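Residues per chain, in single letters:
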Amino acid sequence: MKKIVALTLTAASLMASSLVQDAKNAGLMPIPSSQTELLKLIDNPKNPITKAKVKLGEKLYMDPRLSRSGLISCNTCHNLMEGGDDGVGPSTGHMWRHNPHHLNAPTVYNAVFFGSQFWDGRAKDLEEQAQGPTLAHPEMAATKEHIEEVVKSMPQYVKAFKKAYGDNVKITFEKITDTIANFERTLVTPAPFDAFMNGYKEAMTPKQKEGLKTFIQVGCASCHNGVALGGEMNVLNVAATYKYMNVGDFKGDKNGMVKVPTLRNITETAPYFHNGMIWNLKDAIKEMGRIQLGMKITDKQAESIEAFLGSLTGKKPHMMMPMLPASTNKTPKPNLN
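Procedures and definitions
- Residues numbered from 1 in each chain as written.
- Predicted model: local features only at pLDDT ≥ 70, side-chain atom pairs only at ≥ 80, totals over all residues.
- Heavy atoms only, no water.
- Helix = DSSP H or I, 4+ residues; strand = E, 2+ residues; numbered from the N terminus.
- Rg over C-alpha atoms; globule rule 2.2 N^0.38 Å.
- Buried < 20%, exposed > 50% of the residue type's maximum accessible area, 1.4 Å probe, protein only.
- Contact = heavy atoms within 4.5 Å.
- Phe/Tyr/Trp six-rings, centres within 6.5 Å; stacked < 30°, edge-to-face > 60°.
- Lys NZ or Arg CZ within 6 Å of the ring centre and 35° of its normal.
- Salt bridge = Lys/Arg side-chain N within 4 Å of Asp/Glu carboxyl O.
- Axes fitted to C-alpha atoms, helices over the stretch in contact; angles between N-to-C directions.
- Parallel < 35°, antiparallel > 145°, perpendicular 65-115°, else oblique.
- Nonpolar A, V, L, I, M, F, W, Y, C, P; charged D, E, K, R; others polar.
- Core = buried A, V, L, I, M, F, W, Y, C linked by side-chain atoms within 4.5 Å.
- Patch = residues over 30% accessible without salt bridge, like charges linked within 9 Å, V, L, I, M, F, W, Y side chains within 5 Å.
- Areas by Shrake-Rupley, 256 points an atom, 1.4 Å probe, with all protein chains shown as cover.
- Polar contact = N/O pair within 3.5 Å; in protein donor to acceptor, adjacent residues only side chain to side chain.

Chemist: Break down the overall build of the protein for me, with residues and values.
Modeler: Regarding its fold elements, the protein presents 12 helices and 2 strands. Tracing the protein from N to C terminus, the helices and strands come up as α-α-α-α-α-α-α-α-α-α-β-β-α-α. Against the globule reference of 20 Å for 337 residues, the protein gives a C-alpha radius of gyration of 22 Å, in line with a compact fold. Along the longest, intermediate and shortest principal axes, the C-alpha atoms of the protein span 75 × 50 × 30 Å. Here the protein holds 337 residues, and the buried ones make up 47% of them. Summarising the internal contacts of the protein: among those between residues at least 6 apart in sequence, 73% fall at separations of at least 24.

Chemist: Provide a residue-level description of the packing of aromatic side chains, including the pertinent values.
Modeler: One pass over the full model with this rule turns up 6 aromatic pairs. Summarising the aromatic geometry, the rings of Tyr61 and Phe183 are spaced 5.4 Å apart at their centres and angled 65 degrees between planes, so their arrangement reads as edge-to-face. Of this pair, Tyr61 sits in helix α3 (residues 51-62) while Phe183 sits in helix α8 (residues 173-184), and the two are 122 residues apart along the sequence. Assessed through its relative accessible area of 0%, Tyr61 is described here as buried. A network of ring pairs unites the aromatic residues Phe193, Phe215 and Phe308 as a single cluster. Directly above the aromatic system of Phe118 lies the positively charged group of Arg122, at a separation of 3.8 Å from the ring centroid. We note Lys316 situated over the ring of Tyr109; from NZ or CZ to the ring centre the distance is 5.7 Å.

Chemist: Can you explain unusual backbone geometry? Please cite residues and give values.
Modeler: In this model, Ala270 is joined to Pro271 through a cis peptide bond whose omega is 5 degrees. Within the fold, Pro271 resides in the loop between β2 (257-259) and α11 (281-293). Unusually for a residue other than glycine, Phe118 sits at a positive phi of about 75 degrees. Assignment of secondary structure puts Phe118 in the loop between α4 (74-77) and α5 (126-135). If you check the backbone angles, Asn237 has positive phi at about 65 degrees while not being a glycine. Relative to the helices and strands, Asn237 resides in the loop between β1 (233-235) and β2.

Chemist: Give me the lowdown on the pattern of salt bridges, citing residues and values where you can.
Modeler: Summed over all chains, the structure comprises 12 salt bridges. For Glu127, the salt bridge goes to Arg185, with nearest N and O atoms at 2.9 Å. One end of the pair, Glu127, is in helix α5; the other, Arg185, is in the loop between α8 and α9 (192-197), with 58 residues separating them in the sequence. No difference in accessibility class separates Glu127 from Arg185, as the two residues are buried. A salt bridge links Glu174 to Lys144, with the shortest nitrogen-to-oxygen separation between them at 3.5 Å. Of the two residues, Glu174 is situated in helix α8 and Lys144 in helix α6 (residues 144-152); the sequence distance between them amounts to 30 residues.

Chemist: With reference to specific residues and values, describe the packing of α6 against α8.
Modeler: Contact geometry of α6 with α8 gives a least axis separation of 9 Å together with a crossing angle of 75 degrees. Between α6 and α8, the interaxial angle falls into the category roughly perpendicular. For the pair α6 and α8, contact is made by Lys144, Ile147, Glu148 and Val151 and by Phe173, Glu174 and Ile176, respectively. Its residues assigned to classes, the contact of α6 with α8 comprises 4 nonpolar, no polar and 3 charged.

Chemist: Residues and numbers for the environment of Phe250, please.
Modeler: In this structure, Phe250 sits in the loop between β1 and β2. For Phe250 and Ser304, which are 54 residues apart along the polypeptide, the C-alpha to C-alpha distance reads 31 Å. Phe250 has contacts with His101, Leu103, Trp119, Asp120, Met245, Val258 and His274, leaving out every residue within four places of it along the chain.

Chemist: Account for the nonpolar core, with residues named and values stated.
Modeler: Counting 39 residues, the largest nonpolar core has Phe193, Phe196, Leu212, Phe215, Phe308 and Leu309 as its most contacted members. Elements represented by at least two residues in this core include exactly α1 (2-25), α9, α10 (206-218), α11 and α12 (299-310). The residues contacting Phe193, other than those within four sequence positions of it, are Leu28, Met29, Pro30, Met204, Leu212, Leu229, Arg264, Phe308, Ser311 and Leu312.

Chemist: Report on a nonpolar patch on the surface, specifying residues and quantitative values.
Modeler: Nonpolar side chains collect at one region of the surface, where Leu71, Trp96 and Leu336 lie side by side and expose about 370 Å² of accessible area between them. Its location among the elements puts Leu336 in the segment after α12.

Chemist: Report on the side chain of Asn44, specifying residues and quantitative values.
Modeler: Residue placement: Asn44 occurs in the loop between α2 (35-42) and α3. Asn44 sits in the buried class, given a relative accessible area of 12%. Reaching out from Asn44, the side chain makes a polar contact with the backbone nitrogen of Lys46 at a distance of 3.0 Å. With residues near it in sequence (within four places) discarded, Asn44 still touches Asp125, Glu127 and Arg185.

Chemist: Please provide a residue-by-residue account of the side chain of His78, values included.
Modeler: Looking at the element boundaries, His78 is found in the loop between α4 and α5. With near-sequence residues (within four places) excluded, His78 lies in contact with Tyr61, Gly84, Asp85, Ala105, Pro106, Thr107 and Val108.

What follows is the structure in structure tokens.
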């Protein structure tokens with residue numbers, strides 16, 4: 001009896017090892033279990049991660065006073081209390097207007113692993129990306145001067161910047177957005193998939209493992225790969241045209257390339273696609289098969305892939321709601337126009 005059990009365990013271990021290798025061969029990579037190795041992936045030598053920067057960046061990320069209206073923070077469209085997005089189709093910004101291109105807010109969780117930022121990939125990293133929404137009129141609608149004035153008007157913020165960067169720090173718009181990005185670099189969510197890939201064979205359920213096989217076999221990994229299982233630029237509408245392509249005017253970058261969304265925490269980030277027009281995950285899987293792979297994904301295959309995607313739902317960083325500095329007489333007043 002013991003021999004039979006041992007043989008069964010050995011066979012299961014070999015099958016798991018084979019699946020891990022298949023996943024690696026397909027380009028799938030786990031979040032490292034080692035904090036040292038993880039830091040190598042998420043740190044920016046030009047903007048090194050420190051506890052003081054992260055703590056300050058979290059406050060700035062949550063502070064709606066950086067926006068023109070005083071109502072919209074980074075967290076408004078990238079809500080860290082759920083999937084790191086806003087859970088609606090087109091994002092809503094200044095004066096409650098929808099994004100003019102009908103673009104959906106991508107998750108900020110694990111965005112540090114992306115090769116570039118925004119749906120058209122126009123920002124090379126999180127530091128550059130953090131500057132965009134703060135100034136964009138359909139989003140936070142602020143100016144560099146407004147953001148600098150807000151931060152400088154509060155002694156607690158000034159003190160925190162000195163603690164993070166030294167007494168001679170010059171508080172500029174770029175320094176503020178770099179600090180927000182420093183915090184965003186830590187928003188990593190290791191999941192059961194990562195534990196499985198890193199050697200814990202029982203981290204994924206049998207259905208999730210079978211789903212991983214299906215995911216690889218049908219070709220999903222050809223675009224959704226790397227640590228982010230996405231995050232790079234690729235052509236949309238390879239085999240057919242996305243059925244909601246006419247909703248919004250977004251067509252990708254100048255070469256028609258579109259950011260491949262990460263599949264991490266995908267069960268928490270509906271609606272799907274760049275314009276947020278599909279709410280059901282199985283429907284999104286089938287539509288991707290049709291337009292990108294040129295194949296009809298069956299209900300059984302879609303259910304199998306969906307089971308695997310569940311293994312990508314990760315553990316969020318532990319956070320407590322930060323207490324923001326009090327406004328002063330020098331703090332710019334909200335402008336709702």
